[in-house]
Amino acid sequence: LFIGIFSCITLNGQGHKNITLLDRWFSDTIATNTSLVRFSGCWGFTYKGIEYAIIGSTEGTHFFELSKTNTLKPAGFIEGRFNSSLVVHREFKTYRNYAYSVCDEGNSSLQIIDLNYLPDSVVKVADIQDERFGKTHNIFIDTTNALLYACLVTPIVSDIPLSIIPLRVFSLADPTNPVLLWQGPDDIPVVHDCYVRNNIAFLNCGEYGIRIYDFTNTSTPDYLNNLTFYQDQGYNHQGWLSPNGKT
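All of the points below concern the structure found in this document. Here the structure is a predicted model, which means the values were calculated and not measured. (Residues numbered from 1 in each chain as written. Predicted model: local features only at pLDDT ≥ 70, side-chain atom pairs only at ≥ 80, totals over all residues. Heavy atoms only, no water.)

Right, let's get into the side chain of serine 171. Along the chain, serine 171 turns up in strand β12 (residues 165-171). For serine 171, a relative accessible area of 18% translates into the label buried. Within the local environment of serine 171, its side chain forms a polar contact with the backbone nitrogen of alanine 173, the two atoms lying 3.1 Å apart. When near neighbours in sequence (up to four residues on either side) are disregarded, serine 171 contacts Ala146, Leu147, Asn177, Pro178, Val179 and Leu181. (Helix = DSSP H or I, 4+ residues; strand = E, 2+ residues; numbered from the N terminus. Buried < 20%, exposed > 50% of the residue type's maximum accessible area, 1.4 Å probe, protein only. Polar contact = N/O pair within 3.5 Å; in protein donor to acceptor, adjacent residues only side chain to side chain. Contact = heavy atoms within 4.5 Å.)

In this section: the pairing of strand β2 (residues 50-57). Pairing analysis gives 8 bridges linking strand β1 (residues 39-47) to β2, with the strands arranged antiparallel. Residue pairing in the sheet places tryptophan 43 in a bridge with isoleucine 54 of β2. Following β1, the chain reverses through 2 residues before pairing antiparallel with β2; lysine 48 in that reversal takes a positive phi of roughly 55 degrees. For β2 and strand β3 (residues 60-66), the ladder comprises 5 bridges, and the chain directions are antiparallel. Paired with alanine 53 across the two strands is phenylalanine 64, which belongs to β3. Between the end of β2 and the start of β3, which pair antiparallel, lie 2 residues. (Pairing = 2+ DSSP bridges.)

For the bond from leucine 118 to proline 119, the omega torsion is 10 degrees, close enough to zero to count as cis. Mapping proline 119 onto the fold places it in the loop between β7 (110-114) and β8 (123-128). Residue proline 185 is bonded to the preceding glycine 184 through a cis peptide linkage, with omega at -15 degrees. Within the fold, proline 185 resides in the loop between β13 (179-184) and β14 (193-197). Even without being a glycine, lysine 48 presents a positive backbone phi close to 55 degrees. Mapped onto the elements of the fold, lysine 48 is located in the loop between β1 and β2. The phi dihedral of asparagine 70 is positive, around 60 degrees, even though this residue is not glycine. Examined against the element boundaries, asparagine 70 turns out to sit in the loop between β3 and β4 (72-79).

Time to look at the sheet that holds β3. Judged by pairing direction, the sheet is antiparallel, and its 4 strands sit side by side in the order β1-β2-β3-β4 without closing on themselves. Every other strand in the sheet has two partners, leaving β1 and β4 as the edge strands with one partner each. For this sheet, the mean angle separating the axes of adjacent strands, direction not counted, is 20 degrees. Pairing geometry for β3 and β4, over 7 bridges, is antiparallel. Among the inter-strand pairings, threonine 61 is bridged to a residue of β4, identified as isoleucine 78. (Axes fitted to C-alpha atoms, helices over the stretch in contact; angles between N-to-C directions.)

What follows is the structure in structure tokens.
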């Protein structure tokens, strides 16, 4: 005999201060993954004086205009090279008139999307899957120096995944044709995320803590410091430098 006892628990949502919900977009027609999750990753940007948002889904990359009435207006969609209920991670950044989209599952790529046609549409201008790109967990773009930092890259050549690389740095001198300048570090397997300002890169290295490099000389960056152990370290997942640069 098996007896199950279930207790009803009331959960309260997180509180908020000085935040006002302007609009909400949702679609129940998009495929869910095994965790019943449809969406992943988001990024906001301004182009030609208009605010936009990007969100990822199991199916691809969705663009929205934030209208003058503070409502979200669909502005375009690019299907992911890997379009599947297995998708969990999509990430995005923008540089000049381009959006860069990556995915960390399946037969993925770096997709480069032209924003010139907003607010009416967006156009995919490159879909890079080769010795440079394949599955990629996250990206950061140093817009001042035209450098793209790609975290946890698994290049895919002729449908064959190669070895995973913790971090790769690309030149965006030609925004639709990234050129590899550096990869590493060679002594750790993980750079989960990164943030860069004034050529100083703060690398979030999972169980290996946080590292700091100076990428003034991009092909041979200078290792500056690391923090390999601290109280309640856990998994160093992501970080962002404060505006004054002190935290």
